Structures are given as C-alpha cells and as structure tokens.
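Notes for the structure review
One letter stands for each residue in the lines below.
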Amino acid sequence: ANFYTDADYSWWDGANGMIWAVSQASPLRRVQIANDLLLFQYISGDPAAGYSSGGFLADSTVEGEIQLGSQQQFLILNSTVGGDVSGGAWNVILAGVSVASGIDSECTQDLAQIVVNDDTILKRRKLRGVIKPYIIFEDERFLLATSTGDIDFESVLILSPHDDKNWTQDDIDAWLFSPGIYDSFTDNQILMSQSNFVLLGLGLATLRTSLVVAGSGITVAGIIIDAVAGTTTLMSWSGMNGILTDVFFRIGNFDNNVTIDASANTGLYATGSSLLIENVWIWRADHDINGQVTSQSYPLNTAARIAGRNIDALGLAAEHALQFQVHWTGDYGTLLFFQTEYAYDSLATFDQPGYFVEGDNHTAYGVGVYAYFRDAAANISTAIKAPPSSHFESPFSVFLNGIGAIRHVLNGHGAAVGPNTASHIVHICTDIDSTSSSNGKKSKFPPEFEKDLHQMAFVLVVVAFFGLFTTITLMRRHAHKMLVEDNDVDNIVNNQVVENFRSQIANFSDESDPAFELSISLLGNDSQRPVRRPPPAIPHHLLVLEEEEDESSILTSPRREQSYTISSSSSHSNHDSSLNDDDSPSNRITL
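Residues numbered from 1 in each chain as written. Predicted model: local features only at pLDDT ≥ 70, side-chain atom pairs only at ≥ 80, totals over all residues. Heavy atoms only, no water.

Here the focus is empty space enclosed by the protein. Under the defined criterion, the tally for this structure stands at four cavities of 30 Å³ or more. In this structure, the largest cavity encloses a volume near 130 Å³. Taken together, 16 residues line the largest cavity, and the ones lying closest to its centre are Q24, G55, F56, N279 and F337. The set of elements that each furnish at least two residues to the lining of the largest cavity consists of β29 (276-284) and β33 (312-319). Split into classes, the residues belonging to the lining of the largest cavity amount to nine nonpolar, seven polar and no charged. (1 Å grid on protein atoms, 1.4 Å probe; cavity = no way out; pocket = protein on both sides within 12 Å on 5 of 7 lines; lining within 4 Å. Points joined across faces, edges and corners; volume = space filled by probe spheres on them. Helix = DSSP H or I, 4+ residues; strand = E, 2+ residues; numbered from the N terminus. Nonpolar A, V, L, I, M, F, W, Y, C, P; charged D, E, K, R; others polar.)

This is the structure in structure tokens:
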C-alpha cells in the first residue's frame, strides 16, 4: 500500500472506524478498510447528519460494515464487505458487491436498494479489465497501471500548470497532470487522437479548456474540466472503446483572482461506440464564489448528450442544465445509477424530462430526478421519458424544496411530487404493462444473437432432414443391391422380411414422383412398388455446421432486446441477463 492510516476512531455511540461523509466528486477507490466505513457524519442536534449527497466506492474491501446513514444516493461497485450494508435515504446500488451477511434488492416508497450481481454491463467491465489508472513502484522503477497494461514512466510525459501547453503525443503513451489549474491553451482545446493513450490527473488537476477525444481505446481519468467563455462542448468523445472515469465538469466562477464568464452548449457529447463512463458528474453551478447563481447565469443547455451505440455508464450525475440534463439518443445504452437536479433558476415555462431517452433498447437502474424550483413554479410532465423498448428498475422522483412540481415519474406513470403532495418522494417499484408483446420479460440474449439462434435452428432442421433422407437412401441402395444380385428374392428373405420391407417402402415412396421407376418386381406380380434412384451424394459442406462465439464479442455486441417495463427491485437479486457457458451457441454437428 502507498498510504496507511489507523482509521479506528470512535465518532459517536456505535460508530467506529473511518468516516467518508461526502457528496459528488469524492470517490473512494482501491482502499482496504480494516473496520467499519461510515458514509455520513452525525452531529448532535442535526437530524439530517450533514446532508451527505454522494457518492462512489469501487474496487475496495471493507472488513467491517458499511453505514450509509443519511446518504441520499450512493453506488458501490465491485467490492467486498465483511459485515452489513445499512442505511441510505433514496437510492443505493450495489453492483458486483459481495456482502458477507447477504443482501437483496428492495424497494419502498422512500428507498430503493438495488443489487446487481450478474448483469452484462458488469461482465463487459470485467472483460475489459477496467481500472482507473494509478502509479506503482516496482523493481526500482515507476509504472502507470492501466486497463491495457503497465506503462513505463519513460513513456509518460509529466506536466505541471506552468509548462508550455504545446504538448505532443509523439513517442509517449500517457500524460500525467500534476495538481494545479491549467489554462491558456492554444485554440482553447486539447486534442487526443493517438489510440490507447492515457490522460491521468493527480489531485483533480483542473483544465480550463475543451477536450476532444478522437482516437480509439483512450482513457481519461482524474480531472476537473472548467468551462470558459464561449465554450461549445467541454468534452467531445468520438473514439471507440474508450474509458472515462472520475471526471467532473464545472460551469461557473470559482476563482477569486479571475472573473470567468463561463458558458457551454454541451458538457459531454459522446458519439463513439462502446464508451465506458464511470463516476462522472456534470455540474452547472447553483452557487459559486459570488453566492447564489440566478437569472440563468453561466448557461449550460445540455449536461450530457450520449449518441454512441453500446455506451455503458456506471455512476452518472448531471445537475442544473437549462434544457436537458441527459439526452440519450444512442441505441443499446446501459446505466447503473443516475442522479440529477433541475436548475434552481428554471423558468416557469420549463418542462423537460431530467432523463430523456430516444435510443432503442435502453436499460437503466436507479434513475433519480430531483426538483428544487426556487425562482419560478415550473411543472414537469414526466421526470423520465423513454421509448417502449426500454427497461427501468426502481426509477423515482423527489421534491426537495421550493415551488413547482413533477407530475409523473416515467412516461405518465407514478404519482406527482410537489409542495402540496402527500409524499415528497415517489418510487415505482412494480411492473407496468408494456405495449410490447413480450409482456415486459427481458430477453436472455442480445437481439442480433437471438436472430442468429433462429437462423442456426433453421439450418439444423435442414441438415437433420438431409441426414435422415441420406440415411434412408443408403439403406435402400444397399437393400436394392442385395436384392438384384439374386434373381430369386424368396431364396434370400422370408415372407416376414418381405412384408416388413413392403411397409418401409410404402412409408417413403410416392408413386406420382417421376424420380421413381418400376425397374424391379420386388414383391411379386400382385404388388409392385416403386424404388427411388439413389440421389447424388450430398456435398460434405452441407453436412457440417459450425457456429462459435468469441467471449470477447460481449464487449461490442448489441445488448439484449427488452420491452419497456418497470421492474420491482425485489425480483432482481440475481440477474439472468448474461450469456452463461451452457447457453453459448458454440456447436459442431457432423453427419
């Protein structure tokens, strides 16, 4: 371990261990905690326990228990817990988490606890070996560990805020940004076009510029991107198979020494396919160094626009954009955990979903949309809008404070939340009938693979027919040859054999078929039956069928086709949406 501390403190009665009472942009990764982990902090007389509003924990081991307490929302990913997991206010997702005491999904009016253990999105993450890059010291040298292997520091360019900004990607494999604020970039952008390149920030290095990612297999991690005046898109990602992790966007004024008239049309615009987004927060300021943000200052129209195919998001938050928080137009998108809050200074005429999906076959777990309309009484028709091919588990909406309301949770379903409603939070925990004929049942296989299965089944039927036909023909040829070699059939077979053979011929003969001929008086003058000429041999390639699936194809193949349903969390303790070994279409049939 690079760092160790004896985090064994007694905070209050029954609370011993390590406290990490955080909100967004404060992830915990690759830690081992020898006792309990407290994700909130109780202070006497404060029933809200500090309003902790996180958060993200991944690739870690907690030997004790995890107490979420007042945490509004939290995602725990690929970790091991030696005790219980308890608490939480509205939305807790455990994805690929082993809990010694056991844990199941549950959904109530106030809290959804979603357990995801075997979903395809987790398998893709594992197969790709996704990690946030980190530094290791081994064999007297420094290495940068990445998802694609270790990079020697001889191929790493270490940067500081005072360096010349005309950086190159030639002859290196990574940029390492030391802590600080980086500004005054040429053309107000950084272009990354080299495939499999890595950008890692230490201490949340802050870049006041736009980032354009055009190469395939690129990783960007551990930075803050601050908007400046006139920004069109803070991050544009067109490269394939990229990884974006622990990256946070800010649109506001956060420097006492510089006045920034920050603005952006779009925070994140992703068009490249198979991008993995992990722990990303896009935030238009509701407050900055000058106090509350009002009058739609520091405008951001769309926080995240996701147009690429097969994009996975594990931990996404977007807040206070003036139009769309998330606008997902790409097909086969999958999301684990989403939190959004409408702009406090929205206009009274504002009416947009907080999570807007137009792509087909979308799957989302734990989507929460919150409202605090401070300056005008906006009324939202539906917090989430998605096409019929989508699947959502435990979506919900929350009225935080202020005026205005959210009338429905998803596509007209779910009760309203507002200042005068019976409850200020509404979860949808039960199935809603789908317009699809599949009645809301998830397909076990991706749609293109299902099509292949249907085609393979048809081919198998055809091959089986030809095999049966060939076997019968060969049997009859043998019988024919044996019979014609002796002019007296009665000397070869007895009457019972003749009768059996007559029955077999009757079952596989057709007197109207011109391919038959009465060339042999097989059974005597009183009963003549046609015998089919032997057909030409069937080519060998028609008798062999091979279908094999490379396990790596799960990385880029379209995900399962699903009908639009809303599933109860309690029915998804163990998901059956992945390709098991015994379900693989790898077969070889030889006749």
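Right, let's get into the sheet that holds strand β16 (residues 134-138). Strand order in the open sheet formed by three strands is β16-β17-β18, and the pairing between neighbours is antiparallel. The open sheet has two free edges, formed respectively by β16 and β18 (149-152), since each of these has just one partner strand. Neighbour-to-neighbour, the strand axes of this sheet turn through a mean angle of 40°, independent of strand direction. Judged from the five bridges that link them, β16 and strand β17 (residues 141-146) form a sheet pairing that is antiparallel. From the neighbouring strand, F137 faces β17, where its bridge partner is F142. (Pairing = 2+ DSSP bridges. Axes fitted to C-alpha atoms, helices over the stretch in contact; angles between N-to-C directions.)

Bringing the side chain of T266 into the picture now. Following the sequence through the fold, T266 ends up in strand β28 (residues 264-270). The buried category is assigned to T266, whose relative accessible area is 8%. A distance of 3.3 Å separates a polar atom in the side chain of T266 from a polar atom in the side chain of N265. Among all residues touching T266, those that are not within four sequence positions of it are T232, T233, L234, L300, T302 and R305. (Buried < 20%, exposed > 50% of the residue type's maximum accessible area, 1.4 Å probe, protein only. Polar contact = N/O pair within 3.5 Å; in protein donor to acceptor, adjacent residues only side chain to side chain. Contact = heavy atoms within 4.5 Å.)

All right, on to the environment of Y370 then. Its place among the elements puts Y370 in strand β37 (residues 363-373). Here the alpha-carbon distance between Y370 and I425, two residues 55 residues apart in the chain, equals 9.0 Å. Setting aside its immediate chain neighbours within four residues, Y370 contacts Q72, Q73, W90, Q339, T340, E341, Y342, F396, V398 and L400. Among the polar contacts listed, one links the side chain of Y370 to the side chain of Q73, at a separation of 2.6 Å.

Moving on: the sheet that holds strand β13 (residues 98-99). Strand order in the open sheet made by the four strands is β4-β7-β10-β13, with parallel pairing throughout. The sheet is open, and its two edges are formed by β4 (32-33) and β13, each paired on a single side. Pairing of strand β10 (residues 80-81) with β13, which is carried by two bridges, proceeds in the parallel orientation. Counted as the bridge partner of T80 is S98 from β13.

The next thing to look at is the pairing of strand β2 (residues 15-19). Counting buried positions along β2 gives four out of five residues, so the element sits mostly inside the fold. As paired strands, strand β1 (residues 9-12) and β2 are joined by three bridges and run antiparallel to one another. When the sheet's bridge partners are listed, Y9 is paired in β2 with G17. Linkage of β1 to β2, two consecutive antiparallel strands, is achieved through a turn of two residues, within which G14 is found at a positive phi near 80°. Pairing between β2 and strand β5 (residues 36-38): three bridges, direction parallel. The partner of G17 across the bridge, within β5, is D36.

Here the structure, examined in full by the defined rule, presents 13 salt bridges. Of the charged contacts in the structure, one is a salt bridge between R124 and D312, with a shortest N-O distance of 2.8 Å. Pair noted here: R124 is in helix α1 (residues 120-127) and D312 is in strand β33, with a separation of 188 residues, a long-range link. As far as burial versus exposure is concerned, R124 and D312 are alike and both buried. Note that E278 and R125 form a salt bridge whose closest N and O atoms lie 2.8 Å from each other. (Salt bridge = Lys/Arg side-chain N within 4 Å of Asp/Glu carboxyl O.)

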